[in-house]
Amino acid sequence: MAYVVSVEAEPETPLYVAIARAIAGDIARNRLRHGERLPGERTLAASLGVNRNTVHAALQELVAQGWLEPQPARGMFVRAPSPAERPRPFARGLELRAEVPARPGFELEPRAPVIEPAEGLQLTGGVPDPRLFPHAIYTRAYRRVLARRGAQLLDYGGPYGEASLRRGLAEMLSRQRGLAARAQDVMITRGSQQAIWLAAHALLRPGDRIGVEQYGYPPAWRAFRATGAELVPLAVDAEGVRIDALEQAFKTGLRALYLTPHHQYPTMVALSAQRRLRLLQLAREHRCAILEDDYAHEFHFQGRPRLPLASADHHGSVIYIGTLSKILMPGLRIGYAVAPRPVLEAMATLRSVIDRQGDLPSEAAVAELIEDGELERHTRRMRRIYEQRRDVLARALHDALPERVSFTLPPGGMAFWIRVHGREPRRWVERARARGVVFRAGADYALAPQASVPFVRMGFTRLDERELRQAVKLAARAF
């Protein structure tokens, strides 16, 4: 877009000086950058509605002051000043800054910054390997849906998501996970995090209390806190969330629970069958909602995977949340929620305010993968590969750190919860990152600050077998 200068008339100031000062101001705040070419004199004069001679005088003044430099047969360009130069006349009174001010000119509640992805060998848990995505198959499906339904899919849609994907997911969840779901019971979201946020804001009000596992998923906690709700920690042991802790929490009142019962995040333990039944009974008795986050259901390597809590819920207590990001790719951003219709309606109302709809062509392409059986075949392939990688990481840890770490081989999921002996875990994490290996300290997953959390979490799905061995070798040196 062509540069347009905005000039404010100043009493008793010649017009050419006002124009020169305005251009100098744009250079000072980086609206015009070093090496950028200005429009010609005629163009600038026409945009300002002034005589060309006035613009010519303004530009010559800026050349004399060192703001601009003419290049023969090319035009007028912004000049970069030498660090040793004295301040240029028009610099007085100009605030030298970036285009956007570093700080707002109004009050704003401080919030924790978003953590950017770190560089290096990624042993972070819950992150799939995008190199395994079936690009060719997905691209063909995407082309097919655009050829057949392009005009419809590129138009505005509803907040519940693409109808064909809702049907496909309902059939898949009914067949594989025991949910008696219909298309109208499913809402497609941009990843499971959006589903959590929408469910939280549909359910919770300031002052409500929501029970969460004492070690858990911090992004979900941030969504709950954004509603003004209070988070109540629930103890977890080898059988999942403890029922005695849950019963105690109910005595003080709970509006909702957020749980990861299949592969508890981050410890990877599974909620026992007996506790599942008691949990559903308590939720029914106290009219408490359960947000069940089944983030890695597909990756179960030993025995049969447990069915979700939602499969045994006959009273509308459970909002079931899942994602396709773990088996396809994170950048695709496809999650979903299954819940009673009034809950989905409340979530859809919220979604229409902040997002309106998802990426309909992508959703329709994934629906094709479900219908053709490609998604199920891809899932089986990922399960085999990730099981092999799990075993490689286990062997590498045993070989490189035989007396320094201990863990239980996870029957499923995407990560290890590892007890550390003889070192402070966070210090180890920092030293490993300096060597190019990224994983997380157990304290990062604790709801309340604790004096010592002797664990780290390492994922095995992001890296191939060679990379896993190399990562463990570097982590062992950092120890």
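Everything numeric here is computed off the predicted structure, so don't read it as measured data.

Cut-offs and rules
- Residues numbered from 1 in each chain as written.
- Predicted model: local features only at pLDDT ≥ 70, side-chain atom pairs only at ≥ 80, totals over all residues.
- Heavy atoms only, no water.
- Helix = DSSP H or I, 4+ residues; strand = E, 2+ residues; numbered from the N terminus.
- Rg over C-alpha atoms; globule rule 2.2 N^0.38 Å.
- Buried < 20%, exposed > 50% of the residue type's maximum accessible area, 1.4 Å probe, protein only.
- Contact = heavy atoms within 4.5 Å.
- Areas by Shrake-Rupley, 256 points an atom, 1.4 Å probe, with all protein chains shown as cover.
- Lys, Arg positive; Asp, Glu negative; His and termini not counted.
- Charge placed at Lys NZ, Arg CZ, Asp CG, Glu CD.
- Pairing = 2+ DSSP bridges.
- Axes fitted to C-alpha atoms, helices over the stretch in contact; angles between N-to-C directions.
- Parallel < 35°, antiparallel > 145°, perpendicular 65-115°, else oblique.
- Nonpolar A, V, L, I, M, F, W, Y, C, P; charged D, E, K, R; others polar.
- Salt bridge = Lys/Arg side-chain N within 4 Å of Asp/Glu carboxyl O.
- Core = buried A, V, L, I, M, F, W, Y, C linked by side-chain atoms within 4.5 Å.

Okay, the overall build of the protein next. What the protein contains, in helices and strands, is 14 helices and 17 strands. For the protein, the C-alpha radius of gyration of 29 Å lies well beyond 23 Å, the compact-globule estimate for 479 residues. Seen through its principal axes, the protein has C-alpha atoms that stretch 90 × 55 × 50 Å. Each of the 479 residues in the protein was classed as buried or not, and the buried ones make up 50%. Long-range pairs, those at least 24 residues apart, make up 71% of the contacts in the protein with a sequence separation of at least 6. Put simply, the protein shows about 24100 Å² of open surface, and 50% of that area lies on carbon and sulfur atoms. Computing the positive centroid from 69 side-chain charges and the negative centroid from 52, the protein places the two 3 Å apart.

In terms of burial, strand 10 (residues 289-293) is a largely internal element, five of the five residues being buried. Burial of strand 10 is two-sided: the residues Ala289, Leu291 and Asp293 facing one way and the residues Ile290 and Glu292 facing the other way are all buried. In the sheet, strand 9 (residues 256-259) pairs with strand 10 via four bridges, with the strands oriented parallel. Residue pairing for strand 10: tyrosine 258 is matched across the bridge by leucine 291. In this sheet, strand 11 (residues 318-323) lies alongside strand 10 in parallel orientation, the contact comprising four bridges. Directly across from isoleucine 290, in strand 11, lies its bridge partner valine 318.

Below, the discussion takes up the packing of helix 8 (residues 243-251) against helix 9 (residues 273-286). Close contact between helix 8 and helix 9 brings their axes to 11 Å; oriented N to C, the two are set at 5°. As summarised for this structure, helix 8 and helix 9 are arranged roughly parallel, according to the angle between their axes. Taking contact as the criterion, the partners of Ile243, Leu246, Glu247 and Phe250 in helix 8 are, on helix 9, Arg275, Arg278, Leu279, Leu282 and His286. A breakdown of the residues in the contact of helix 8 with helix 9 according to their chemical character gives five nonpolar, one polar and three charged.

The next point concerns the pairing of strand 2 (residues 75-78). As defined by bridge partners, strand 1 (residues 68-71) adjoins strand 2 across four bridges and the pair is classed as antiparallel. The partner of proline 70 across the bridge, within strand 2, is methionine 76. The antiparallel hairpin formed by strand 1 and strand 2 contains three residues in its connecting segment, where alanine 73 sits at a positive phi of about 65°.

So, on to the pattern of salt bridges. As enumerated under the stated definition, the model contains 27 salt bridges in all. Here arginine 149 ties to glutamate 162 by a salt bridge, and the two come within 2.8 Å at their closest N and O atoms. Here arginine 149, found in helix 4 (residues 135-153), pairs with glutamate 162, found in the loop between helix 4 and helix 5 (163-177); they are 13 residues apart in sequence, far enough to count as distant. The buried category is assigned to glutamate 162, whose relative accessible area is 6%. Between arginine 175 and glutamate 376 there is a salt bridge; the shortest N-O distance is 3.8 Å. You can see arginine 175 sitting in helix 5 and its partner glutamate 376 sitting in helix 12 (residues 374-400), a full 201 residues away along the chain. With relative accessibility at 38%, the residue glutamate 376 sits in the partly exposed group. Sharing partners across several salt bridges, the network here consists of Asp129, Arg131, Arg389 and Glu467.

It is worth spelling out the sheet that holds strand 6 (residues 230-234) at this point. Pairing in this open sheet of seven strands is mixed, and the strands run 4-12-11-10-9-5-6 from one edge to the other. Both edges of this open sheet fall to strand 4 (186-189) and strand 6, since each of them pairs with a single strand only. Taking the axes of each pair of neighbouring strands and ignoring which way they run, one obtains an average angle of 20° across the sheet. With respect to the sheet, helix 6 (residues 191-203) is in contact with strand 4, strand 9, strand 10, strand 11 and strand 12 (335-338), its orientation differing from that of strand 11 by roughly 160°.

Once that is clear, we can look at the nonpolar core. Nonpolar side chains in soluble globular proteins tend to end up buried together. Counting residues in hydrophobic clusters, the biggest one holds 97 residues, and the most contacted among them are Leu257, Trp428 and Phe439. With nine residues, helix 12 is the largest single contributor of residues to this core. Setting aside residues no more than four positions away along its own chain, tryptophan 428 makes contact with Leu401, Val405, Val420, Phe439, Val456, Met458, Ala475, Ala478 and Phe479. In terms of nonpolar packing, the next biggest core, distinct from the first, is built from 31 residues, Leu203, Leu204, Trp221 and Leu231 among them.

With that out of the way, let us pick up the side chain of glutamine 264. Position of glutamine 264 relative to the elements: it lies in the loop between strand 9 and helix 9. For glutamine 264, a relative accessible area of 1% gives the class buried. Excluding residues within four positions of it along the chain, glutamine 264 makes contact with Glu213, Tyr215, Val236, Val269 and Tyr295.

Taken by themselves, the reported measurements are silent on function.
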